[in-house]
Amino acid sequence: MPREIITVQVGQCGNQIGMEFWKQLCAEHGISPEGILEDYATDGTDRKDVFFYQADDEHYIPRAVLLDLEPRVINTITKESPYANLFNHENIYMSKHGGGAGNIWASGYTQADGLYEDIFDIIDREADGSDNLEGFVMSHSIAGGTGSGMGSYILERLNDRFPKKLIQTYSVFPQTAEASDVVVQPYNSLLTLKRLTQSADCVVVLDNTALNRIASERLKIPNPTLDQINHLVSTIMAASTTTLRYPGYMNNDLIGLIAALIPTPRLHFLMTGYTPLTLDAKISNVRKTTVFDVMRRLLQSKNIMVSTPRDRRHNHCYVSILNIIQGEVDPTQVHKSLQRIRERKLANFIPWGPASIQVALSKKSPYIKTAHRVSGLMLANHTSIASLFSKTLTQYDRLKQRGAFLDQFKREKIFSESLEEFDSAREVVSQLIDEYTAATKEDYKMFTGLSEKLSNANVGNGK
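Sequence order sets the numbering: in each chain, residues are counted from 1 along the sequence as written. A pLDDT threshold of at least 70 governs which residues receive local features in this predicted model, and a stricter bar of 80 or more applies before side-chain atom pairs are shown or counted, although totals over entire chains, interfaces and linings include all residues. By convention in this description, side-chain values take in all heavy atoms of the structure and omit both hydrogens and water.

Draft legend 1. Representation of the environment of Leu244. On the secondary structure map, Leu244 appears in helix H9 (residues 242–245). Accessible area is worked out with a 1.4 Å probe on protein chains only. A residue is then buried under 20% of its type maximum, exposed over 50%, and partly exposed in between. The class for Leu244 is buried, based on a relative accessible area of 2%. The spacing of Leu244 and Trp22 is 222 residues in sequence and 15 Å in space, taken between C-alpha atoms. Helix and strand labels come from DSSP, where a helix needs a run of H or I of at least four residues and a strand needs a run of E of at least two; each type is numbered from the N terminus.

As structure tokens, this is what we get:
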């Protein structure tokens, strides 16, 4: 029996990447923009019910909840898009005043608190309509106001209301190399990172810096548009769910995917890589694909969707790797490829656990023609992700020391009496960085204080 997953799209960014994800899923399952199964897709062996359910009139409807505090993006989806009739309009919530959160985390968080009943009436109804709900997938940005503030609030409440369900997020991290349009971005990012650390079971990090670099350097697009970047993100999101939608013997549910990657509860931030990359029907640079070539390319930093500079002070390494290989693949090729990767020492692993490269073989959608025989997605738990958190911490400290832009936060209830929430968030993120750094060392088990229990730790909050 399939285990259903409900997606929760929060804010402008969350709804934009969520829309691209649903476009990709509809194409892969042979579902039209109106939700009608195409004639050529009636005999498919795929599992549509993980992410869709059928209405009384046989239309396929996404198990999706769309939330925003301003109407522009959702109106574009529901009024101007060919997919306007795909979604259940009862599952869409836009704030009545439509003013947004003004890029302030505290405003998004406070408004979400006031809308608690309305939002969770939608989520509870969707959960009750599932036969065997496995968990929630949230898409959002950590830099703005709604995706970060409202997203943080929803994460906390989901954790309280559904303690035994998995919570995975696709979290877009802002560009750090250049000046941001959102001056309070470091505040928003830090406060959201606290919730991602404490309330999510798995966070797939989508780093805008790396996504723009890949689009310009690898795909030779001089000035990548938002739509092109979102298309890259949707490719990652769809590929990471293929084993759930085209099930095999292993990794055919979310817990199977996550358990393979997260050995201890707090080390749950994942980076991704994908090859061969194509965009807007462009021909990619890769002409021939083999299993070994795909797996080798996935380990190259230029294909990884997170920008993490080499830090010589720390011997950063992989905690675990899961490669999802799609296409015409002979399992013996996989075995040989793994042997060659080990012989050539193409990946450094943690000293306190086994070198864990797992491979899941998945079918490709028969309804989409691709130029390549084999493609691959890597989901990797790598300790260098801590450098991304360190950048956020450095930017936060720089802003906080000057006391800049704090008045906008003090207007909201959570900060009206004190700014302790900032100190608490800083402490959580600092401990997270320390833990990822400790994971590079042999004595990591001593750091956690879990000793023997470490290897048996359940994913997330005892789920």
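Draft legend 2. Region of interest: the packing of aromatic side chains. Only rings of Phe, Tyr and Trp enter the pairing, Trp through its six-membered ring, and a pair is recorded when the two centres are within 6.5 Å. The plane angle decides the type: under 30 degrees is stacked, over 60 is edge-to-face, the rest tilted. As enumerated under the stated definition, the model contains 25 aromatic pairs in all. With a centroid separation of 5.9 Å and an interplanar angle of 40°, the aromatic rings of Tyr318 and Phe349 are classed as tilted. Taken together, the positions of Tyr318 in strand E10 (residues 318–327) and Phe349 in the loop between helix H12 (331–344) and strand E11 (357–362) put the pair 31 residues apart, joining distant regions of the chain. Residues Phe415 and Phe422 carry aromatic rings whose centres are separated by 4.8 Å and whose planes lie at 25° to one another, so their mutual orientation is stacked. Since its relative accessible area comes to 0%, Phe422 is described here as buried. Taken together, the ring pairs in this structure connect Trp105, Tyr109, Tyr116, Phe120, Tyr153, Tyr187, Tyr396, Phe409, Phe415 and Phe422 into an aromatic cluster. Put simply, a charge is over a ring when the Lys NZ or the Arg CZ is close to the ring centre, within 6 Å, and near the line of the ring normal, within 35 degrees. A cation over a ring is seen here: Arg340 above Phe292, with NZ or CZ 3.9 Å from the ring centre.

Draft legend 3. Quick look at the nonpolar core. With 89 residues, the main nonpolar core has Leu67, Met150, Phe269, Tyr318, Phe389 and Phe409 as its most contacted residues. Take this core: its biggest share by element is seven residues, from helix H15 (residues 420–438). In what follows, a contact means two residues having at least one pair of non-hydrogen atoms within 4.5 Å. If near-sequence neighbours (up to four positions away) are discounted, Leu67 is found in contact with Val8, Gln9, Val10, Gly11, Asn15, Ile74, Tyr93, Ile119, Met150 and Ile154. The criterion is simple. A nonpolar core is a set of buried Ala, Val, Leu, Ile, Met, Phe, Trp, Tyr and Cys residues joined through side-chain atoms within 4.5 Å.

Draft legend 4. Broad picture of the pairing of E10. Burial runs high along E10: nine of the ten residues are buried. With nine bridges joining them, E10 and strand E12 (residues 374–382) adopt antiparallel strand pairing. Bridge pairing in E12 links Ile324 to Leu377. DSSP bridges decide pairing: two strands pair if at least two such bridges lie between them. Note that E10 and E11 share six bridges and pair parallel. Across the sheet, residue Ile321 finds its bridge partner in E11, namely Ile357. Here is how to tell: hold the view so the strands point away, follow the path from the first strand over the helix to the second, and if it runs clockwise the crossover is right-handed. You can see the chain leave E10, run along H12 and come back into E11, and the turn it takes is right-handed.

Draft legend 5. Molecular detail of the side chain of Glu70. Mapping Glu70 onto the fold places it in the loop between strand E4 (64–68) and helix H2 (72–80). Salt bridges are absent for the buried Glu70, whose nearest opposite-charge side chain, Arg72, sits at 4.1 Å. Within polar-contact distance, the side chain of Glu70 engages the backbone nitrogen of Arg72 at 3.4 Å. The residues contacting Glu70, other than those within four sequence positions of it, are Gln12, Gly98, Gly99 and Gly100. Neither His nor the chain ends is counted toward charge; the positive residues are Lys and Arg and the negative residues Asp and Glu. Any carboxyl oxygen of Asp or Glu that lies within 4 Å of a side-chain nitrogen of Lys or Arg is treated as forming a salt bridge with it. Side-chain atoms alone can form a polar contact between residues adjacent in sequence; in general such a contact is a pair of N or O atoms within 3.5 Å, and within protein one must be able to donate a hydrogen while the other accepts it.

Draft legend 6. Broad picture of the pattern of salt bridges. Overall, the coordinates contain 15 salt bridges when judged by the stated rule. A salt bridge links Arg195 to Glu156; the nearest nitrogen and oxygen atoms lie 2.8 Å apart. With Arg195 in helix H6 (residues 185–199) and Glu156 in helix H5 (residues 146–161), this pair connects stretches of sequence that are 39 residues apart. Arg426 is paired through a salt bridge with Asp397; the nearest N and O atoms lie 2.7 Å apart. Pair noted here: Arg426 is in helix H15 and Asp397 is in helix H13 (residues 386–401), with a separation of 29 residues, a long-range link. A residue is classified by how much of its surface remains accessible, and Arg426, at 28% relative accessible area, is partly exposed. Residues joined in a network through salt bridges with shared partners are Glu156, Arg157, Asp160, Lys194, Arg195 and Glu421.

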